[in-house]
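# Descriptive structure summary
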Amino acid sequence: MRLFSSILIFVFITLFSQFSVFADEYDFVVAADGSGDFQTVQDAIDAVPDFRKTETVIFIKNGVYKEKLVLPASKNQVTFMGEDVEKTIITNDDYASKKNVFGEEMGTTGSSGFFVFGNDFTARNITFENSAGPVGQAVAVRVDGDRVFFSNCRFLGFQDTLYPHGKNSRQYYKNCYIEGTVDFIFGWSTAVFDECEIFCKRHGYITAASTDKDTRFGFVFLNCKIHGDADENSVYLGRPWRPYAKTVFIGCEMSDVIKTEGWHNWGQESNEETAFYAEFNSSGAGANSEKRVGWSHQLTQTQRNEYTLANIFNGWTPGE
């Protein structure tokens, strides 16, 4: 009996201490099994006071959360903290040609599983998935808010997985995994992908930037690893969704899935005069600087030195 009582006391103390840690470190806890403050992520978002001036941290326990999330523009400085990136999964299966309740196609934007409109959003250790499969455009995350930071997150999907949409949005992806087939990183935003893994599931295009003419930086990949299950010489680094697309790969390791020519003009020669596609110090079987299309660029050391986080983000230091 004493042994049994001791075990019960130990279990109680352990559970209480874990709860105390959650209470001390996080404002809200989401748990699908009902052991937290909320069972859904959206309920936790909704509970954040509008226009709160300090950070709200939401801890999300391991589980699969099939939800279509919206972080409104009134919810700023919200942080998602996942328990384990492999086991904390936010998923949805909408896709562009899927019909809404009125029988209309959702469209690319409507397919998004998570809309980020709030500024200063951070996510750590979470998988964001669009599980619709190879059915056309199917977005996992669309980001419009400014100063958005993803650390150690995974973005899973096929076509149009990640949509950095906001024209004035600055986004930083650190140590993330992003997979897809066609245009699976696309949009207007200024976004840096730092030490990320880019996985090409099939032949296609990694990026489809639509950078505005007056935006200095578009998509910048720093020290990333690019590989996948795609056939050899079957994946382009990018194509311009809009004429002034800007995409640069710096110090990236590229496997043989990358096409020798590197870049595509989306069937319009005029894009070759306006888009800015460049590399610096690429390595691996897919790094063929001498065989890239003639209208792309190899940065000089002086040009490469301009691609610092301070210059790219112009006043924002991610993580601070």
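Everything here concerns the structure above.
Residues numbered from 1 in each chain as written. Predicted model: local features only at pLDDT ≥ 70, side-chain atom pairs only at ≥ 80, totals over all residues. Heavy atoms only, no water.

Attention shifts here to the packing of aromatic side chains. Inspection of every chain in the model, using the stated rule, returns 30 aromatic pairs. Ring centres of Y177 and F199 lie 6.1 Å apart, and the angle between their planes is 35°; on these two criteria the pair is classed as tilted. Here F199 lies in strand β17 (residues 197-209) and Y177 lies in strand β15 (residues 177-187), a separation of 22 residues in the sequence. When sorted by exposure, Y177 lands in the same class as F199, which is buried. Here the aromatic rings of Y205 and Y236 are separated by 5.2 Å at their centres, their planes lie at 10°, and the arrangement is stacked. Residue Y205 is found in strand β17, and its partner Y236 is found in strand β20 (residues 235-238); the two are separated by 31 residues along the sequence. Y236 carries the same exposure label as Y205, and that label is buried. (Phe/Tyr/Trp six-rings, centres within 6.5 Å; stacked < 30°, edge-to-face > 60°. Helix = DSSP H or I, 4+ residues; strand = E, 2+ residues; numbered from the N terminus. Buried < 20%, exposed > 50% of the residue type's maximum accessible area, 1.4 Å probe, protein only.)

So, on to the pattern of salt bridges. Per the stated rule, a full pass over the model turns up 17 salt bridges. With its nearest N and O atoms 3.7 Å apart, the salt bridge here joins K98 to D93. Linking R216 and E306 is a salt bridge whose minimum nitrogen-to-oxygen distance equals 2.8 Å. Residue R216 is located in the loop between β17 and β18 (219-222), and its partner E306 is located in the loop between α5 (301-304) and α6 (309-313); the two are separated by 90 residues in the primary sequence. The class of E306 is partly exposed, set by a relative accessible area of 35%. Each of K66, K68, D93, D94 and K98 takes part in a single network of salt bridges with overlapping partners. (Salt bridge = Lys/Arg side-chain N within 4 Å of Asp/Glu carboxyl O.)

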